[in-house]
Amino acid sequence: MTDTVDPLLPLSFLEAVRNVDTPVEDFEAELVSDLRNKRLGLSDTIYNQIKRFSDAVKRGQRTSFEEATGIARLLGRRPDAEAVFRAAGRHLAGESYRTINGVTRRVMLLLPSLLARPIALGSTRRLARRYLNARISRVGAMVYLEVPRSVTIDAASRSTGCTYYEAGLKELLRLMVNSGGAVEHVRCAARGEGACQWRAEWKPSSSME
Ligand SMILES: [Zn+2]
């Protein structure tokens, strides 16, 4: 399982590059034809790769771990690597959340939290396992995400690549339990601490509980 990743993972890297490199203002849009070949995110290579991984998603075909780390290294060389990794993490969280069926999503929103939370925890666990090759565990009011083999750990200097998982967990918790709390990187493979691990509060930000 750890030799492969879900195709949504490399797809999130590519979608983030495309989004970050897409001009936001008219002035930029006028310049973009000149920039098209200079901006990786708008190149035909990225477009073709996005199409290829999207097809793999439709076919339910997993991607090799090495291919995903190769794309992560391309992102890691950019001066804005951290912003792109964070955008990618949020993208993956959003896309994986959308794979939960609509009834379950509504149930999680409508049920009292006492009943909704175990369902949300189970779903978060399944999504983390499938899309991030990661383990979720809850200890009291805290939830932990552990990544035994990180795709992004060697992609950039120090722990820059780790921001991918950090942003992914933060967004997933926001979607699942409306949590707006901080995510803390408590252990890091880049610091020689074995696996990478993050900790966050498992509760809604505006909770009355
Ligand atoms: Zn780390």
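Source: prediction; values computed, not measured. (Residues numbered from 1 in each chain as written. Predicted model: local features only at pLDDT ≥ 70, side-chain atom pairs only at ≥ 80, totals over all residues.)

**Student:** Talk me through the overall build of the protein; I want residue IDs and the actual numbers.
**Tutor:** Of the regular secondary structure elements, the protein holds 8 helices and 6 strands. Listed N to C, the secondary structure of the protein is β-α-α-α-β-α-α-α-α-β-β-α-β-β in terms of helices and strands. Of all 209 residues assigned to the protein, the portion counted as buried reaches 36%. Long-range contacts, defined here as pairs at least 24 residues apart, represent 69% of the contacts in the protein between residues at least 6 apart. (Helix = DSSP H or I, 4+ residues; strand = E, 2+ residues; numbered from the N terminus. Buried ≥ 20, exposed ≤ 12 C-beta atoms within 10 Å, placed from the backbone. Contact = placed C-beta atoms within 7 Å.)

**Student:** With reference to specific residues and values, describe unusual backbone geometry.
**Tutor:** Phi is positive for Asn 133, which is not a glycine, with a value near 50°. Mapped onto the fold, Asn 133 is located in the loop between helix 7 (113-132) and strand 3 (135-139). Since 21 C-beta atoms lie within 10 Å of it, Asn 133 is described here as buried. Despite not being glycine, Arg 158 has its phi angle at roughly 45°, a positive value. Arg 158 sits in the exposed class, given 9 other C-beta atoms within 10 Å.

**Student:** Give a description of the packing of helix 1 (residues 8-21) against helix 4 (residues 65-76) that names residues and reports values.
**Tutor:** Relative to each other, helix 1 and helix 4 sit at 20°, their axes nearing to 9 Å. Here helix 1 lies roughly parallel to helix 4, going by the angle between them. With respect to the hand of their crossing, helix 1 and helix 4 are arranged in left-handed fashion. Contacts between helix 1 and helix 4 pair Leu 9, Pro 10, Phe 13, Leu 14 and Val 17 from the former with Glu 67, Ala 68, Ile 71, Ala 72 and Leu 75 from the latter. The class makeup of the residues in the contact of helix 1 with helix 4 is 9 nonpolar, no polar and 1 charged. (Axes fitted to C-alpha atoms, helices over the stretch in contact; angles between N-to-C directions. Parallel < 35°, antiparallel > 145°, perpendicular 65-115°, else oblique. Left-handed = near helix turned anticlockwise from the far one by under 90°. Nonpolar A, V, L, I, M, F, W, Y, C, P; charged D, E, K, R; others polar.)

**Student:** An account of the packing of helix 7 against helix 8 (residues 163-177) is needed here, citing residue identities and associated values.
**Tutor:** At a closest axis distance of 10 Å, the pairing of helix 7 and helix 8 adopts a crossing angle of 150°. By the angle class used here, helix 7 and helix 8 are roughly antiparallel. Relative to helix 8, the crossing made by helix 7 is right-handed. Here Arg 117, Ala 120, Ser 123, Thr 124, Leu 127 and Leu 132 of helix 7 lie close against helix 8, whose contacting residues are Tyr 165, Gly 168, Leu 172, Met 176 and Val 177. Grouping the constituent residues of the contact of helix 7 with helix 8 by class yields 7 nonpolar, 3 polar and 1 charged.

**Student:** Outline the pairing of strand 3, supporting the account with residue identities and numerical values.
**Tutor:** Where strand 3 lies against strand 4 (residues 142-147), 5 bridges are found, and the strand directions are antiparallel. When the sheet's bridge partners are listed, Ile 136 is paired in strand 4 with Leu 145. Between strand 3 and strand 4, which pair antiparallel one after the other, the connecting turn spans 2 residues, and Gly 140 there sits at a positive phi close to 60°. (Pairing = 2+ DSSP bridges.)

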